[in-house]
Amino acid sequence: MNPNELRKHFPILHQEVNGQPLVYLDSAATSQKPVEVIEALDKYYRGYNSNVHRGVHTLGTRATDAYEGAREKVRKFINASSTEEVIFTRGTTTALNTVARSYGSANLSEGDEIVISHMEHHSNIIPWQQIAKETGASLKYVDLQEDGTISLEAMRNTVTPNTKIVSIMHVSNVLGVINPIKEIAKIAHENGAIMVVDGAQSTPHLKVDVQDLDCDFFAFSGHKMVGPTGIGVLYGKKEHLEKMEPIEFGGEMIDFVGLYESTWKELPWKFEGGTPIIAGAIGLGAAIDFLENVGMENIEAHEHKLAAYALERMSTVEGIRIFGPKNANQRAGVITFNIDDVHPHDVATVLDADGIAVRAGHHCAQPLMKWLNVSATARASFYLYNTEEEIDKLVAGLVKTKEYFSNVF
Ligand code: 7TS
């Protein structure tokens, strides 16, 4: 895999920002899009824009075929056993809310426990807080080890026979750690709980196999995996989805509507109320084709290499504190850091002046910030189009930042 060749597919990368070539190191927030995805959207809107699953006209049939074709691409990409288990949503947030609201409200009551971790994104915290309040269930946090990883021992000590739901992120958007989901799912199942996985940061970067992980639900977003915004996926085991009630009611999702009672379509459509995200799904299908052409194994290996290089180079910057494990094999391409006596927003602002885009803030993980005892951090995140030269530029930018603020104060 040659990132310099791949970059040619991403028009946005070929521009200057503040007079410098753009160095985009914020793919954990959202990834850039290749021409193949942009063209798939363009082709749909120019050539066969039409609603799906309605009427019999030719454009409608083409749109339906493309939309359902994208569902099959997703199924294959994550190795779900059937397209009935693949629900299109607006993103990871909507997917996790759907599980909490639908599965949670039907299966939780007082005395039951939901187990999550201190490293979760707000999207995998707040839906559980809300459903815990409504059902009387309690929310428990598995503690992290000193380097920010989750130990299976801590997991075993936290999950009990009262636990009904375990919901953990596959890859952390802050620490970059890859959690042992398969082993955690085993602990959940041994205790009679289901395993929910926030796959927002893993699906773009490593090969996901939902059957191998043996998770009950798995959520991810298209926009972090070279696809468009506004589309995501909820995978769920059919045995659960079949018993669950939709959370949105209206057009598209019904079978029969009477004056006082209605019935729902079969899976997966009962969870897709209203006109679905047609262009988004088609764009996601094109994104999956693109990623598969590059090869998920190649993307993963490239990111491990970049992470190892970045960890080594960045740790030479005086006064830097890098969060999470030091071993690059334990992490994906996300490096979160702070520089002594410099606010992360200042770090990001100085880097931006040199065309380098990193994120600063709490990264939608305030409980993790509290655990790390910081109010905010800076974060560089890498993807298939990033190069070692860009990491060199980041490191030069960090040295400059440090020097600039040492002179000011
Ligand atoms: N879960 C994780 C682990 C995430 O990183 C994100 C987004 C979400 C859930 C929510 O995804 P959405 O597509 O529904 O918004 N994370 C980030 C981030 O780290 N910076 O900006 C968005």
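Here is a short report on the structure shown in this document. Here the structure is a predicted model, which is why all the values come from computation and not from measurement.

What to know about the pairing of strand 10 (residues 232-236)
Every regular strand shows the same layout, with side chains that alternate between the two sheet faces.
Part 1 of the argument: With five of five residues buried, strand 10 lies mostly within the body of the structure.
Part 2 of the argument: Burial of the side chains of strand 10 extends over both faces: G232, L234 and G236 are buried on one face and V233 and Y235 on the other.
Part 3 of the argument: In terms of strand pairing, strand 4 (residues 86-89) meets strand 10 through four bridges, oriented antiparallel. Among the inter-strand pairings, F88 is bridged to a residue of strand 10, identified as V233.

A look at the packing of aromatic side chains
The geometry of two aromatic rings is summed up by the distance between their centres and the angle between their planes.
Part 1 of the argument: Considering all chains together, one arrives at 10 aromatic pairs under this definition.
Part 2 of the argument: Residues Y44 and Y45 carry aromatic rings whose centres are separated by 5.0 Å and whose planes lie at 55° to one another, so their mutual orientation is tilted.
Part 3 of the argument: The structure contains a cluster of three or more aromatic residues connected by ring pairs, namely F10, F290, Y383 and Y385.
Part 4 of the argument: Over the face of the ring belonging to F77 we find K207, whose NZ or CZ atom lies 5.5 Å from the ring centre.

Here we look at the site of the ligand
Part 1 of the argument: What surrounds the ligand is a group of 16 residues, the closest being T93, D198, S221, R359 and R379.
Part 2 of the argument: The contact in question runs from an oxygen atom of the ligand to an N or O atom on the side chain of N173, over 2.9 Å.
Part 3 of the argument: S221 has a polar side-chain atom sitting 2.7 Å from an oxygen atom of the ligand.
Part 4 of the argument: For the ligand, the protein covers 87% of the area, taking 490 Å² as the surface of the free molecule.
Part 5 of the argument: Because more than half of its atoms lie within 2 Å of the grid, the ligand is assigned to the largest pocket.

Focus: the sheet that holds strand 14 (residues 334-339)
Part 1 of the argument: Strand order in the open sheet made by the four strands is 13-14-17-16, with antiparallel pairing throughout. Edge positions in the open sheet fall to strand 13 (320-322) and strand 16 (359-361), since each of these has one partner strand only. Taking the axes of each pair of neighbouring strands and ignoring which way they run, one obtains an average angle of 30° across the sheet.
Part 2 of the argument: Direction of pairing for strand 16 relative to strand 17 (residues 377-381): antiparallel, over a ladder of three bridges. Of the residues in strand 17, the one forming a bridge with R359 is R379.
Part 3 of the argument: Packed on one face of the sheet, helix 11 (residues 296-314) meets strand 13 and strand 14 and runs near 10° to strand 14.
Part 4 of the argument: Its contacts with the sheet place helix 12 (residues 344-353) against strand 14, strand 16 and strand 17, and it is angled at close to 160° to strand 16.

Quick look at unusual backbone geometry
Part 1 of the argument: Cis geometry is found at the peptide bond from L267 to P268, where omega equals 0°.
Part 2 of the argument: Structurally, P268 is set in the loop between strand 12 (262-264) and helix 10 (278-294).
Part 3 of the argument: Although it is not a glycine, E252 adopts a positive phi angle of roughly 70°.
Part 4 of the argument: Considering the arrangement of structural elements, one finds E252 in the loop between helix 9 (238-241) and strand 11 (254-257).
Part 5 of the argument: Looking at E252, the relative accessible area reads 10%, which means it is buried.
Part 6 of the argument: At H363, a position not held by glycine, the phi torsion is positive, near 55°.

Quick word on the side chain of H205
Part 1 of the argument: You can see H205 is positioned in the loop between strand 8 (194-198) and helix 8 (210-213).
Part 2 of the argument: Using a relative accessible area of 6% as the deciding quantity, one classes H205 as buried.
Part 3 of the argument: For H205, the residues in contact, after removing those within four places along its chain, are M296, I299, E300, E303, F382 and Y383.

Points about empty space enclosed by the protein
Part 1 of the argument: Counting across every chain of the model gives one cavity of 30 Å³ or more.
Part 2 of the argument: Its volume calculated, the largest cavity comes out at about 30 Å³.
Part 3 of the argument: The wall of the largest cavity is formed by I178, H205, L206, E300, E303, H304, R331, A332 and G333.
Part 4 of the argument: Along the lines of polarity and charge, the residues of the lining of the largest cavity split into three nonpolar, three polar and three charged.

The rules we used
- Residues numbered from 1 in each chain as written.
- Predicted model: local features only at pLDDT ≥ 70, side-chain atom pairs only at ≥ 80, totals over all residues.
- Heavy atoms only, no water.
- Buried < 20%, exposed > 50% of the residue type's maximum accessible area, 1.4 Å probe, protein only.
- Helix = DSSP H or I, 4+ residues; strand = E, 2+ residues; numbered from the N terminus.
- Pairing = 2+ DSSP bridges.
- Phe/Tyr/Trp six-rings, centres within 6.5 Å; stacked < 30°, edge-to-face > 60°.
- Lys NZ or Arg CZ within 6 Å of the ring centre and 35° of its normal.
- Near = heavy atom within 4 Å.
- Polar contact = N/O pair within 3.5 Å; in protein donor to acceptor, adjacent residues only side chain to side chain.
- Areas by Shrake-Rupley, 256 points an atom, 1.4 Å probe, with all protein chains shown as cover.
- 1 Å grid on protein atoms, 1.4 Å probe; cavity = no way out; pocket = protein on both sides within 12 Å on 5 of 7 lines; lining within 4 Å.
- Sits in = over half its atoms within 2 Å of the grid points.
- Axes fitted to C-alpha atoms, helices over the stretch in contact; angles between N-to-C directions.
- Contact = heavy atoms within 4.5 Å.
- Points joined across faces, edges and corners; volume = space filled by probe spheres on them.
- Nonpolar A, V, L, I, M, F, W, Y, C, P; charged D, E, K, R; others polar.

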